[in-house]
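Commentary on secondary and tertiary structure
The chain contents come next:
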Amino acid sequence: MADESRNATVTTDENAPRPTPAMRRRVTGLAIAAAVGGFLFGFDSSVINGAVNSVQHNFALNAVVTGFIVAIALLGCAVGAFAAGRLADRWGRLRVMLIGAILFLASSVGAGLAFSAWDLGFWRIVGGLGIGIASVVAPAYIAEISPRQARGRLASLQQLAITVGIFVALLSDALLAGVAGSADDQLWLGLEAWRWMFLVGVIPSVVYGILALTLPESPRFLLATGRRDEARSIFTTLVPEDDVDRQIGDIQRAIEEDKEGAKATLAGNRLGLKPIVWIGIILSVFQQFVGINVIFYYSTTLWRAVGFTESNSLLITVITSITNVLVTIVAILLVDRVGRRPILLTGSVGMALSLGVMALSFAFAVKQGGAVSLPSPWGPIALVAANVFVVCFGASWGPLVWVLLGEIFPTRIRGKALGVAAAAQWVANFLVTVSFPAMSDFSLPFTYGMYAVFAALSFFFVFFKIPETNGMALEHAETLFREAGGRARGVQVRSSGDSA
């Protein structure tokens, strides 16, 4: 089976009707709206960057507790992601989106008014639950309403929204600290600037909640729950009339096959899970174990430690986030032209090399009175390497992992499997985030060297385990992964047509 799968050729229906420009615009609009969940994801992930020093000073925290407060939201994210898949399969994508918006709204207000470190930690867990939900539901929804030839591009909007959320969070941090004088100074209503950094999150949470009340439900979910007429009504706005019955038939056959064969369970013969679930988990873990969120959670502290002022550190972090947005756009433009595998493999090489340079640079760091400084020319080299790392990640593993997670799971378990994979991603994110302050105190060269090793390992995982899914119908991509067991190296895809 594995040998045949490696050399398999998947052909899409060349005679399938093409969606009209109006249909394409509608699908794009729906994908953008759903991706607002990714914006919340990115915003919540990075808003702590500008506040972390103030939180540490205000509540008199040591490095370990500071790392825990920063990372504790990620535990909530893991729980939210795990629960979201099951809830989305039971209640639908939109109701679960609304729950995520409400949780994030409560978290933004609670964190902004926190009176102690543990109070702040509680509200960050609540926000994490909401973000974990959004991280699962958005890519599932986008994958389920997207035409096959644009699915990679539209699914990448999730990561673009994440990067925009990161940028907006870091920009708002810099602006609020600048207006107040510093993050510790009072701004409005007697509240310090760092508190307003959290309170700003009220705005995107309200927008996301409104969108969740106005979007149409996923037609795949409607078919899975026996609501064929509603699904058909939505499909007629997404694909040509002549293609609606074929689309419905394909999805219903896939659902029935999954019902008969798997009974909608994730259980399997590989350490208790299906092999395809492990593929999703490992992709998610590698995405985080390269250390990308160290840049977005701790970069302000890091650049201050090597000699930059608070304002300059915030500015550098904003510039880095802009770079992240731009390269994510590049990835969106290339993913359906170049394919998933080549971009992931190239990104792994670039990340490993840039992280290796960062590890080398910090090997020359000098400690004076507890402060770290990098002698010339290693400070600028470390700064350039960090941004090259962001470029390589943002153009590859950032968006493409979400594309693959939306493609590889069978319809009946997609919500649950996405939940498990996203939960694994959040747990990995937590481990990296909570360990960084202590590990950086121990050895920055070792820390970045470890991230470089994981980046190198990610190359071999993709090379041996991830087949190419570019241009396939969603059901074909699922079948390829199931039959190949993640070993379909060198798959060739021929495709034309632009139907869902």
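As a convention, each chain's residues are numbered from 1 in the sequence order in which they are written. Reporting of local features is limited, given that this is a predicted model, to residues whose pLDDT is at least 70; pairs of side-chain atoms are given and counted only at 80 or more, and all residues count toward the totals for whole chains, interfaces and linings. Excluded from the side-chain calculation are hydrogens and water; included are all heavy atoms of the structure.

1. Comments concerning the overall build of the protein
Secondary structure elements follow DSSP: runs of H or I no shorter than four residues count as helices, runs of E no shorter than two count as strands, and numbering proceeds from the N terminus. The helix and strand inventory of the protein stands at 22 helices and seven strands. For every residue, the accessible area obtained with a 1.4 Å probe (protein chains only) is divided by the maximum for its type, and the residue is called buried under 20%, exposed over 50%, and partly exposed between those limits. Put simply, the protein has 500 residues, and 61% of those count as buried. Summarising the internal contacts of the protein: among those between residues at least 6 apart in sequence, 80% fall at separations of at least 24. As displayed, the protein offers around 18300 Å² of accessible surface, 65% of which is attributable to carbon and sulfur atoms. By the convention used here, residues are in contact when the closest approach between their heavy atoms is within 4.5 Å. Areas reported here follow the Shrake-Rupley algorithm with a probe of radius 1.4 Å; residue values treat only the protein chains shown as occluding.

2. Topic: the environment of V277
By the element assignment, V277 lies in helix α14 (residues 275-289). Each C-alpha atom, one on V277 and one on I408, is 9.0 Å from the other, the two residues being 131 residues apart in sequence.

3. Section: the pattern of salt bridges
Whenever Lys or Arg places a side-chain nitrogen within 4 Å of a carboxyl oxygen from Asp or Glu, that contact is recorded as a salt bridge. Applying the stated rule across the entire model yields one salt bridge. Salt-bridge contacts for E192 lead to R195; the nearest nitrogen and oxygen are separated by 3.0 Å. Take E192 and R195: they sit in the same class, and that class is buried.

4. A short note on helix α2 (residues 21-34)
With 14 residues, α2 extends 20 Å between its outermost C-alpha atoms, agreeing within 8% with the 20 Å of an ideal straight helix rising 1.5 Å per residue. Every buried residue of α2 is listed here: M23, V27, L30, A31, A33 and A34. All buried residues of α2 project into a common sector of 165 degrees when viewed along the axis, lining one side. Residues of α2 that are exposed and point over 90 degrees away from its buried face: P21 and R25. Any helix carries an expected span of 1.5 Å times its number of residues minus one. In this description, one arc is meant: the one made by directions from the helix axis to the C-beta atoms.

5. A closer look at empty space enclosed by the protein
Space left empty within the atom packing is revealed by a probe, the size of a water molecule, rolled over the atoms. Only protein atoms enter the 1 Å grid used here. Points where a 1.4 Å probe fits but cannot escape make up a cavity, open sets with protein on both sides within 12 Å along at least five of seven lines make up a pocket, and a residue lines them when an atom lies within 4 Å of a point. Grid points are joined across faces, edges and corners, and a volume is the space filled by probe spheres set on the points. Throughout the structure, instances matching the rule amount to four cavities of 30 Å³ or more. Around the largest cavity, the lining comprises 16 residues; the ones closest to its centre are Q159, I162, Q288, N293 and F393. Looking at the lining of the largest cavity, the elements that each hand over two or more residues are α3 (36-46), α8 (151-180), α14 and α15 (292-305). It is α8 that contributes the most residues to the lining of the largest cavity, four residues altogether. Each pocket or cavity is described by its volume, and for the second largest cavity that value is around 80 Å³. Every residue lining the second largest cavity is listed: F43, D44, V47, F104, S107, S108, A111, R124, M197, F198 and G201. Of all elements in the fold, only α3, α6 (93-112) and α9 (193-199) reach the threshold of two or more residues within the lining of the second largest cavity. No other element matches the four residues that α6 contributes to the lining of the second largest cavity. In terms of residue class, the lining of the second largest cavity is made up of six nonpolar, three polar and two charged. Residues are grouped as follows: nonpolar covers Ala, Val, Leu, Ile, Met, Phe, Trp, Tyr, Cys and Pro; charged covers Asp, Glu, Lys and Arg; every other residue, Gly included, is treated as polar.

6. Side note on the side chain of R341
Within the secondary structure layout, R341 lies in helix α17 (residues 340-362). Among the polar contacts made by the side chain of R341, one reaches the main-chain carbonyl oxygen of V462 at a distance of 3.0 Å. Within 3.5 Å is the distance limit for a polar contact, defined as a pair of N or O atoms, with the added protein rule that one can donate a hydrogen and the other accept it, and that residues adjacent in sequence qualify only through two side-chain atoms.

7. Structural notes on a nonpolar patch on the surface
Together, I322, L326, I329, V330, L333, L334 and V338 make up an exposed nonpolar region whose accessible area comes to about 550 Å². Residue position: I322 is located in helix α16 (residues 310-338). Patch criteria: residues need more than 30% relative accessible area and no salt bridge. Like-charged residues are merged within 9 Å; nonpolar side chains of Val, Leu, Ile, Met, Phe, Trp and Tyr are merged within 5 Å.

8. Brief notes about the packing of α3 against helix α10 (residues 202-214)
Structural elements are reduced to axes, namely lines fitted to C-alpha atoms, with helices fitted over the stretch in contact, and the angle between N-to-C directions of any two is expressed from 0 to 180 degrees. Close contact between α3 and α10 brings their axes to 9 Å; oriented N to C, the two are set at 160 degrees. With respect to each other, α3 and α10 are oriented roughly antiparallel. For α3 against α10, the interelement crossing comes out left-handed. Contact residues: α3 offers V36, G37, F39 and L40, while α10 offers P204, S205, Y208 and L211. Residue composition of the contact of α3 with α10, grouped by class: six nonpolar, two polar and no charged. Reported orientations rely on four angle classes, namely roughly parallel under 35 degrees, roughly antiparallel over 145, roughly perpendicular from 65 to 115, and oblique for the rest. It is the rotation of the near helix from the far one that decides the hand of a crossing: anticlockwise by less than a right angle makes it left-handed, clockwise makes it right-handed.

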